Every structure is written in structure tokens, then in C-alpha cells.
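# Per-entry structural report
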Amino acid sequence: MSDSLRELWLRGIAFNAAAPTDVLIRLLDEAAGEAGLLMCEGRDLPEAVIDAALRHPVERIRCALARNLHVDPARLAPLASDPSGLVRAYLAGGTRLQPRWVRPLPDDILVTFLTAEEGGEDGRVTEKEIVGELWSSRQVPLSFPRDMAGHDHPALRLYAAFQWQSLTAAQRHALLDDPDPAVREAARRGSRQLDPEAVEAELPPIGSRHAVFVLSTCALSPAVVEQCFADDEVDPLARNRHTPADALARLARHPDAEIRRLVATRPDLGPAAAELRQDPDEDVRMRARLQPSIHTWAEFQEVQKAVDHGPDCTCPITQPATEPSPDWYATCAVSEEPVLRRVAASWPGLSAELVETLAQDDDEEVRIRLACHHPLAPPHLLLDVFVTRPAHRPHLLTLPAFPRTGRAHLIDHPDPEVRALAAADPALPVPPVEDPDASVRLAAATNPSLSPEALETLLAGPRTAEGAAANPALTVPRMHALLDHCLNGTATPPGAVQR
């Protein structure tokens, strides 16, 4: 058996779903090299393996575990105070795979990062750099500032004060009287966002990047609003929740259809919505038809996610700071408007009865959104979307309901990604281990229907060795024998095919 197969065997065993704890722990040995790192980062792990990786003396192992998307993040809490600043930074930065379903870190880990006074015993990373990684990772829930407004630690109340408009009136009032002077000052500055005169006095030059942010988010005086119209800088006004009603009415009649689109679904639009339902632009008319169903800004945000993105949208799936009511989603699910049914299909709390109905919807995007967002979406729908919409394949493969069998009929599909999916189906009579595409061969070699004799042959071939080592039908003694050869340099394991 050639030593050139060593890395292939190690990688295969590292991702073998049937590999027991004692096998996986052996891969934490430095001699396993990249395979151990890939395992720690790229798959679910038994509790004992997690414990061993958390305590591992090699920093690279702990760094890899910190990026693991499959392990419960609560189990990774010790890494938030790891002696290595790099380990902390990797946990704060999250997985490098950028999955669609963004899993937030637990509050205790976030609190550890945001209250840390140093970045690790090694001094290679500062606490501010780690927090910077955290902000860019999307692992902080949008509701977190509101949850921290009354925390005992002033650093967390300070963070809440910087997110002023996400807080309740009672929380704002408390922060303005906070015992910590830095928190009071941040609260005072935050409160000026909702003071039109203060915004006018401090407004940067219109047209600058900072001015666009202010005009899009802060309360505006009549003079500032008029200046925006005079300078034709009205796009921020159309996006600003504080834009006054008379300005919204003018925006609804703006000659630019894009401006009319931006305001057409606003819950505060008022009588102008009726005019926009007769607009010459078809997209504006469609959005205006939705407006009577939108009563809150939370509902508005969910509708915007649907109207602004197409069927191949792969934007991150995150928990909103404030969620519409279940009744509203249920009403959307039976609406005549496809966009509202798409909104309902995107909510993972929709009832099983409505899921069954939407799974048969005439609108393809409704079915796509249901497959990608709802845990009760039927497996056949997930498979259909996988075949027809390649953009969603990486996400669909991570879903627990994705079918692991019933795919054999796709084995002759022209798309090699689809053939690879079919090649691993245990119901397939003859897995295509000689397919011209490498991904199909790899998947075929993992098929548990292969005989032990066939597996031995595939283990000895460089085109199929990794897949064969990942095959769940591989016996545990055989896994250990391969590891003995790879890690300890023993003789060729018994029963191996010689070449």
C-alpha cells in the first residue's frame, strides 16, 4: 500500500460518519497533520472529542475547533478566554464557510469578549481586534443590545447606548441616568439622533457618506428635509423611518420609479398608497398592493427581504431583532399575493398544515424559500430545489431533513453535482466509482452498499481512497489499522490490497 495514499486515508477517516470517538481522538495527534485540523473545523464531533480538542496543547487544534459550525457554540465557551489570542479571534470571527444560516453566539461568550481587558496571554491580538472580528462575523444577535441595556457591567450598557434606536423608551431613559459617566455621555449623544434640531445643527455636508447615514436613520427637521429635496438627495429620505408624512407624500409622486418603489410598502405611507396602486411602473404597483398588509416596521422588513431578492438569493438567514406575529405570517401564507406567501414560507415557525400547502404552491420562489428556511419542508421538495437551483445546494446539504436516500434515479443526470448526490445513495445497485468526474467517484466510494472486498480495492486507488476511507461500512478495526499505518508507520495493515 503506497504512502502516497496516507493523506487521503486520514482525510477520509476524519469525515467518516461511523468513526467512533477513539478513532477520531487519534486524529488529534500532530502526526495526522491537516486531517485533524479539517476534522476539528468541519464536522460534528462526539463530546469526548470536543473535550480533548478544547484542552489540546497545540494551538492550531483549538483554532480549528473555534471555527466549527457543527458543534453547539455553548460547548466552545472556554475558547473565549483561551490563553491564545488567535484562538479567541477565530471564535469571534466565526466559520470561514459563511453559511446562510447564521448561528449566533451565546450571550455568555459575547459578554466575555465585550468585557475582556486583554486579548490573550500571548499578546499577539488585542481585545479590540477580537471585538472587531466579532462585529464583522454576524454572530451577534440583533436583539443583543436591547438585552444588555440593564446589564451590571458598564461596558455592555455602553454598547447598548451606541445602538440607541434599537432600545425601548424605558431603556433609553435609564441609560440617560446611568451611574457610569461614559454610558451617560453615549446615551446623550444617542438621544440626539431623535432630536431634529440637534441633527440639523450637526449635519455633515449633504452628499457625504456620513450625511447619507444620518439622513437615512435620524429624525430630520423641516429645513433638512427641504434641503434634501432641493439637492435631489431624496433616496435617504425614502429609507428613513422618521421621514414626516408630508415628505412621504411627495416621495410617492417622485418622477424616479426607484424612489416610489422604496416608499410603496412603508407602513406609514398613508393615503399615497392608493395612488401608487395605479402607478405606471408595474413593480411599484405590485409593492403598493402589499402595503395594506404591512402594519409594523418588523413586517415591512420581512416583506423587503422578499421583494428585493430573486429566487437564487443566498443572503444570510438571521433572526430579526423584532419578529412579526405568528398570525401575520399565517395570513400571508394564504394571501393571493405571491410575495406575501414567499414571506410566510421564509418563517421557520409556520404550521405543518401551511407548510404542506406552500410546498405545492404554483410560485416557484415560494417553494424555494420554504425548502431553504423551514425545518418541516418535505424532503422531496429539498431534493427538487437541489436539482433545479444550484445556488442553494451548499445550504440544502446542511439541512437535517435533506434526503439521504431516494436519489438513485438521478444517477444519469448531466450535472456532476447531482450525479454525486445520487452516487452515495445506498439503494444504488452499482455505485459509479469509475465516473469521469472526481466528485462523483468520491461520493460513489462512500456508498455503504459496497462490499468489503470492493472497499479494499478502492482504498488502494488514489482516485477513490479518500471516499473509501470515509465509507461508513468500513469496520472500526480497519480504521485503526489504517491509522496505525498512517500515524505510526507500521507495516501495511492486514487484508490490504497490495499494488
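Source: prediction; values computed, not measured.

This brings us to the overall build of the protein. Each helix and strand counted, the protein has 32 helices and zero strands in total. By its C-alpha atoms, the protein is 85 × 55 × 40 Å across when sized along the principal axes. By the burial criterion, 49% of the 499 residues in the protein qualify as buried. Within the protein, residue pairs in contact and separated by at least 24 positions form 51% of the contacts whose partners lie at least 6 positions apart.

Attention now moves to the packing of helix 23 (residues 338–345) against helix 25 (residues 364–373). For the pair helix 23 and helix 25, interaxial distance at closest approach is 8 Å and the crossing angle is 10 degrees. Judged by the inter-axis angle, helix 23 sits roughly parallel to helix 25. On the side of helix 23, the interface is formed by P338, R341, R342 and A345, while helix 25 contributes E365, V366, R369, L370 and H373. The residue inventory of the contact of helix 23 with helix 25, partitioned by class, reads four nonpolar, one polar and four charged.

Turning our attention to the state of the cysteines. If you walk through the whole model with that rule in mind, you get zero disulfides. Free of any disulfide, C332 has its nearest cysteine sulfur in C313, 18 Å distant. Judged by relative accessible area, which is 2%, C332 ranks as buried. Of all cysteine sulfurs in the structure, the one in C313 sits closest to C372, which takes part in no disulfide; the separation is 9.3 Å. For C372, a relative accessible area of 3% gives the class buried.

In this fold, N68 is placed in the loop between helix 5 (59–66) and helix 6 (85–93). Of the residues examined, N68 reaches a relative accessible area of 2% and is grouped as buried. Reaching out from N68, the side chain makes a polar contact with the backbone nitrogen of V71 at a distance of 2.9 Å.

By the definition in use, this model includes 36 salt bridges. D178 serves as the salt-bridge partner of R157, at 2.6 Å between the closest nitrogen and oxygen. With a gap of 21 residues between them, R157 in helix 10 (residues 154–162) and D178 in the loop between helix 11 (169–176) and helix 12 (181–191) connect regions that are remote in the sequence. Judged by its relative accessible area of 5%, D178 is buried.

Tallied over the entire structure, the rule returns six aromatic pairs. Considering the side-chain rings of W297 and F300, the 5.2 Å spacing of their centres and the 85 degrees angle between planes classify their relative orientation as edge-to-face. Residue W297 and its partner F300 are located together in helix 21 (residues 297–307), separated by three residues, close to a single helical turn. Residue classification places F300 among the buried residues on the basis of a relative accessible area of 11%. On the basis of an interplanar angle of 5 degrees and a centroid distance of 4.5 Å, the ring pair of Y329 and W347 is categorised as stacked. Note that Y329 is positioned in helix 22 (residues 326–333) and W347 in the loop between helix 23 and helix 24 (352–358), a separation of 18 residues in sequence.

Rules and cut-offs
Residues numbered from 1 in each chain as written. Predicted model: local features only at pLDDT ≥ 70, side-chain atom pairs only at ≥ 80, totals over all residues. Heavy atoms only, no water. Helix = DSSP H or I, 4+ residues; strand = E, 2+ residues; numbered from the N terminus. Buried < 20%, exposed > 50% of the residue type's maximum accessible area, 1.4 Å probe, protein only. Contact = heavy atoms within 4.5 Å. Axes fitted to C-alpha atoms, helices over the stretch in contact; angles between N-to-C directions. Parallel < 35°, antiparallel > 145°, perpendicular 65-115°, else oblique. Nonpolar A, V, L, I, M, F, W, Y, C, P; charged D, E, K, R; others polar. Disulfide = S-S within 2.5 Å. Polar contact = N/O pair within 3.5 Å; in protein donor to acceptor, adjacent residues only side chain to side chain. Salt bridge = Lys/Arg side-chain N within 4 Å of Asp/Glu carboxyl O. Phe/Tyr/Trp six-rings, centres within 6.5 Å; stacked < 30°, edge-to-face > 60°.

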